[in-house]
Amino acid sequence: MHLLTRINELSMGYTEGRLELCVVGGFQDVRGICEKVTLSLLNAFHKSPPHILLLLLCTGEANTTLRGNISWPMVKGIGVSTQNGKIFPATFTDKGPYLVLRSTRIFTGAQQMVDVYDCALGLLRIGPFNYEPHAGVELLLQQTDDVILQCLSTTPEVEGPTWVKMVREVLKHIKEHPFPAVTIFPDNRPHYFRRDNIGSWTPAELPNNNDSTPDANVQAAVQAVAATGAWTQAGGVTTTSAPPTPAALSPAPWGASVPHSSLQLDCRLKTHLAVPPVVNPGQHYDDPLLNPVKERFMPTWQASQL
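Given the structure is predicted, the values throughout are model-derived calculations rather than measurements. (Residues numbered from 1 in each chain as written. Predicted model: local features only at pLDDT ≥ 70, side-chain atom pairs only at ≥ 80, totals over all residues. Heavy atoms only, no water.)

Caption draft 1: Region of the structure containing the packing of aromatic side chains. Within this structure, the stated rule accounts for three aromatic pairs. Residues Y98 and F193 carry aromatic rings whose centres are separated by 5.3 Å and whose planes lie at 70° to one another, so their mutual orientation is edge-to-face. Placement of the pair is Y98 in the loop between strand 6 (87-89) and helix 3 (99-107) and F193 in strand 9 (residues 191-195), with a sequence separation of 95 residues. Given the relative accessible area of 43%, Y98 is considered partly exposed. (Phe/Tyr/Trp six-rings, centres within 6.5 Å; stacked < 30°, edge-to-face > 60°. Helix = DSSP H or I, 4+ residues; strand = E, 2+ residues; numbered from the N terminus. Buried < 20%, exposed > 50% of the residue type's maximum accessible area, 1.4 Å probe, protein only.)

What follows is the structure, given as structure tokens:
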């Protein structure tokens, strides 16, 4: 539902069109996990209120080949042409910034779906999030590569040669930062990245006046440039559209976006704390990702194999 809601938000103003679904990935693995995931996914889309047209289903037997006696996925990744909408098999060497930090959410049992890229601002957002200390991280780091592969991968027979190395880095990061809300996001602000001229991810900074009222930052920024009529977007492009009306300067609901023509101010970014937060299991954060969830440890089917 989060995915469908986000698509509807981005489609505001477009009265024509339909929701189309392509499901690619998953094969006939030995444990049957891919089949369970695929059926669960299709069931969720089937029960969703919007009408969705399934255009492509490449999974299970249709996406399985044999290499010796081992079942292997024919397609592991895809790309989509923005010119004609065609889908093609693809592999990606660039996994984005802070891959280890982003992976810690998965290995600590995060359930929420996260929209990490803001297409209006051209920014990739990481965090803030928190998790409880991982109960088995110390034990896992003492195991051999084969044990880690068998215990932490759903399809150990088809993982790449660098997979175990990446997992060890993730486990070390979880061990060194048991409370990321304190050590990685001390001011409760996300880490932002944008593409530079050569396509590399570089850190990006957003203004922070540390006002007691978050919406005051947006109002002050808008009012400061309203008289000039020149608006600078995140990409450095300047437009001379008319200044916003007083209604556009009113405080927006928490978590909402305040659009003005091609300018978009994301109120979710306006999270400012006077002092670094102290992680308290009983404390409730405005951001649900900062609220530790019970039983967020290693799944039972993985722990039972140690």
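The rest of the description comes next.
Caption draft 2: Examining the sheet that holds strand 10 (residues 201-204) more closely. Taken in spatial order, the four strands of this open sheet run 7-8-9-10, and their pairing is antiparallel. On the outer flanks of this sheet lie strand 7 (117-118) and strand 10, each paired with one strand and no other. Bridge count for strand 8 (residues 123-126) against strand 9 is three bridges, and the pairing is antiparallel. Its bridge partner being in strand 9, L124 is matched across the sheet by F193. (Pairing = 2+ DSSP bridges.)

Caption draft 3: Fine view of the pairing of strand 2 (residues 52-58). Alignment of strand 1 (residues 19-24) against strand 2, held across six bridges, turns out to be parallel. Counterpart to V24 in the pairing with strand 2 is C58. Note on the crossover from strand 1 through helix 2 (residues 33-47) to strand 2: the handedness is right-handed. (Right-handed = clockwise from strand over helix to strand, strands pointing away.)

Caption draft 4: Focus on the pairing of strand 4 (residues 70-73). Across four bridges, strand 3 (residues 64-67) lies against strand 4 in antiparallel orientation. Its bridge partner being in strand 4, T65 is matched across the sheet by W72.

Caption draft 5: Structural view of the packing of helix 3 against helix 6 (residues 163-176). In the contact formed by helix 3 and helix 6, the axes pass within 9 Å of each other and the chain directions differ by 80°. Between helix 3 and helix 6, the interaxial angle falls into the category roughly perpendicular. On helix 6, the residues touching L99, V100, L101, S103, T104 and F107 of helix 3 are M166, V167, E169, V170, H173 and I174. Residues belonging to the contact of helix 3 with helix 6 are distributed by class as follows: eight nonpolar, three polar and one charged. (Axes fitted to C-alpha atoms, helices over the stretch in contact; angles between N-to-C directions. Parallel < 35°, antiparallel > 145°, perpendicular 65-115°, else oblique. Contact = heavy atoms within 4.5 Å. Nonpolar A, V, L, I, M, F, W, Y, C, P; charged D, E, K, R; others polar.)

Caption draft 6: Seen up close, the nonpolar core. Residues L152, V167 and L171 are the most contacted members of the largest nonpolar core, which totals 22 residues. At the level of elements, helix 3, strand 8, helix 4 (137-141), helix 5 (145-152) and helix 6 are the ones that each hand at least two residues to this core. When residues of this core are assigned to their parent elements, the largest contribution, six residues, is made by helix 6. Contacts of V167, omitting those with residues within four sequence positions, involve F107, I148 and L152. (Core = buried A, V, L, I, M, F, W, Y, C linked by side-chain atoms within 4.5 Å.)

Caption draft 7: Geometry of the confidence of the model for the protein. Chain-level pLDDT for the protein is 74 on average; 67% of the residues reach the 70-or-more range. For the protein, strand 14 (residues 263-266) is the element with the lowest average pLDDT, namely 34, and helix 6 is the one with the highest, namely 93. The low-confidence segment residues 209-218 (pLDDT under 50) makes 16 contacts with residues lying over four places distant or belonging to another chain. Here residues 292-306 is a poorly scored stretch, pLDDT under 50, and it has 32 contacts once near neighbours within four places are set aside; other chains count. (pLDDT = per-residue confidence, 0-100.)

Caption draft 8: Here's a closer look at the pattern of salt bridges. Counting across every chain of the model gives six salt bridges. Notably, a salt bridge pairs K175 with E138, separated by 3.2 Å at the nearest N-O pair. With K175 in helix 6 and E138 in helix 4, this pair connects stretches of sequence that are 37 residues apart. Taking the shortest distance from any N to any O, the salt bridge between R168 and D145 comes out at 3.0 Å. With R168 in helix 6 and D145 in helix 5, this residue pair connects regions lying 23 residues apart in the sequence. (Salt bridge = Lys/Arg side-chain N within 4 Å of Asp/Glu carboxyl O.)

Caption draft 9: Inspection of the environment of V137 at higher detail. Note that V137 resides in helix 4. C-alpha separation for the pair V137 and I174, spaced 37 residues apart in sequence, amounts to 7.5 Å. With sequence-adjacent residues up to four places away left out, V137 is seen in contact with L171, I174 and K175.

Caption draft 10: Spatial organisation of the environment of P180. Relative to the assigned elements, P180 resides in helix 7 (residues 180-183). In this structure, the C-alpha to C-alpha distance between P180 and N130, residues 50 residues apart in sequence, is 5.5 Å. Each residue touching P180, except ones within four places of it in the same chain, is listed here: F129, N130, Y131 and F185.

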